[in-house]
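Structural overview
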Amino acid sequence: MSAIDAAVSTLQQLADPADDFRADVLAGLMGSPKRISSKHLYDKRGSELFDRICELEEYYPTRCELEIMRRHSGEIAEQFAGPVHLVEFGSGSSLKTRLLLDHLDPCSTYLPVDVSREHLEASCDALRAEYPGLAIQPVCGDFTEPLPMPEGLDRSAPTVVYFPGSTIGNFEEAAAVGLLRNIREIAGEDGQALIGVDLRKDAAVVHAAYNDREGVTAEFTKNLLRRINRELRADFQLQDFDYHAHYNTHKGRIEAALVSRRDHRVSVDGQPVAFGRGEAIRTEYSHKYTIPQFAAMAERAGLELARQWNDTRRYFAVLLLRAAR
């Protein structure tokens, strides 16, 4: 039975997230400088906190992207002829996806990909209630790794990779190009990619978005330490770290970190980790692009810019990419 024949499909688990988390955290904390990938911020609690961030007054990306999707989702869906396999990277709460699903061919298949199994299952349950006829095939895994499509998909339908939310900006250039190559591989020669991109703008606007007055972003980032304590038998004291986010105007990116307030040691899965006062754990980059800059990066991955849509302030863009001919 194909995914299109089944409105409710079982979740595909690609790997054990616990093994990846342990290996990444230990490698990142033993390195110099210390660094942990931003993908590990999204356990269940982290995903819930990020949903709160998206509602903050200072956090413009979600509002700008929603404006684009509300105004143009019908026009965007017209770019896809007939049923498609909509593969969404980092699906989260799928808020923007609903606007797209409303305009897709009803015989399409939705394949949300997310590292947080609990959040993914909750999101899919909500979507099944709202779209009872939609074939949903959730995939719990890391979209930065090779992503095999579930067995039984109707291969006659083209694939559209949807990557909203400007998450592509979390990757440094070489890694971003590698991810775009992965997207091209999944989409195939006849597929397309729809990617949200945060654009260059006034530094004060960007800085405020990652340093909100309520401190939700700081709580979101410090939740990473809570997760390490819970899952890796660590003893981080959250009060020993400050959240810091700086907009590097030269590189056009936010650089976020947790900074140690004192000299101390922490045990992580039985391994001692030393921190000096002022030493940082890099938790996130968030790059902001110009359209030509992003198009050139996509070209290196074998993709070409086909269409673009912007919000009224031109803070954000949703870009349609196709395999370069």
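In this report, the structure presented in the accompanying data block is examined. Within each chain, residues carry numbers counting from 1 in the order of the written sequence. Only residues with pLDDT of at least 70 get local features here, since the model is predicted, and only at 80 or more are side-chain atom pairs given and counted; chain-wide, interface and lining totals rely on the full set of residues. Side-chain calculation: all heavy atoms of the structure are included, whereas hydrogens and water are not.

Quick look at the overall build of the chain
- Scanning the chain from N- to C-terminus turns up nine helices and 15 strands.
- Radius of gyration: over C-alpha atoms. The globule rule applied is 2.2 Å multiplied by the number of residues raised to the 0.38 power. On C-alpha atoms alone, the chain measures out to a radius of gyration of 20 Å, which is about the 20 Å that the 2.2 N^0.38 rule sets for 325 residues.
- In terms of its C-alpha atoms, the chain occupies a principal-axis envelope of roughly 60 × 45 × 35 Å.
- Under the scheme applied here, a residue whose accessible area is under 20% of the maximum for its type counts as buried, over 50% as exposed, and between as partly exposed, the area being computed with a 1.4 Å probe on protein chains only. Counting over 325 residues, the chain shows a buried share of 54%.
- Two residues form a contact once any of their heavy atoms are found within 4.5 Å. For the chain, contacts bridging at least 24 residues in sequence account for 73% of all contacts bridging at least 6.
- Using a 1.4 Å probe, the Shrake-Rupley method yields the accessible areas, and only the shown protein chains count as cover for residues. For the chain, the exposed surface amounts to about 14,300 Å²; the carbon and sulfur share of it is 48%.
- Here the chain contributes 39 positive and 49 negative side-chain charges, whose respective centroids are spaced 5 Å apart. Put simply, DSSP H or I for four residues or longer makes a helix, DSSP E for two residues or longer makes a strand, and each gets a number counted from the N terminus. Neither His nor the chain ends is counted toward charge; the positive residues are Lys and Arg and the negative residues Asp and Glu. Lys charges are placed at NZ, Arg charges at CZ, Asp charges at CG and Glu charges at CD.

Here's the deal with the nonpolar core
- Among the nonpolar cores identified, the biggest contains 65 residues, and Leu 29, Leu 100, Ile 228, Phe 236 and Val 268 are the most heavily contacted of them.
- Tallying contributions element by element places helix α3 (residues 60-77) first for this core, with seven residues.
- Beyond its immediate chain neighbours, meaning those up to four positions away, Ile 228 contacts Phe 21, Val 25, Ile 36, Arg 233, Ala 234, Phe 236 and Val 268.
- Note on terminology: a nonpolar core comprises buried Ala, Val, Leu, Ile, Met, Phe, Trp, Tyr and Cys residues joined through side-chain atoms within 4.5 Å. Formed by 34 residues, the second largest nonpolar core is a distinct cluster that contains Ala 176, Val 197, Leu 199 and Ala 301.

A closer look at the sheet that holds strand β10 (residues 253-260)
- Here, strands pair whenever DSSP counts at least two bridges between them. With mixed pairing, four strands are arranged side by side in an open sheet as β2-β13-β10-β9. The sheet is open, and its two edges are formed by β2 (34-35) and β9 (241-248), each paired on a single side.
- Across seven bridges, β10 lies against strand β13 (residues 280-287) in antiparallel orientation. Paired with Arg 253 across the strands is His 287, a residue of β13.
- The axes are straight lines fitted to the C-alpha atoms, using for helices just the contacting stretch, and the angles between their N-to-C directions are given from 0 to 180°. Sitting on the sheet, helix α8 (residues 216-232) is in contact with β9, β10 and β13, with an inclination near 120° to β9.

Some details on the pattern of salt bridges
- For salt bridges, the criterion is a side-chain nitrogen of Lys or Arg within 4 Å of an Asp or Glu carboxyl oxygen. A complete count under the given rule lists 28 salt bridges for this structure.
- Arg 213 is the partner of Glu 58 in a salt bridge, and the nearest nitrogen-oxygen pair spans 3.5 Å. Of this pair, Glu 58 sits in the loop between α2 (44-53) and α3 while Arg 213 sits in the loop between α7 (203-209) and α8, and the two are 155 residues apart along the sequence.
- The exposure class assigned to Arg 213 is exposed, which follows from its relative accessible area of 66%.
- Here the residues in one salt-bridge network are Arg 35, Glu 172, Arg 253 and Glu 255, joined through shared partners.

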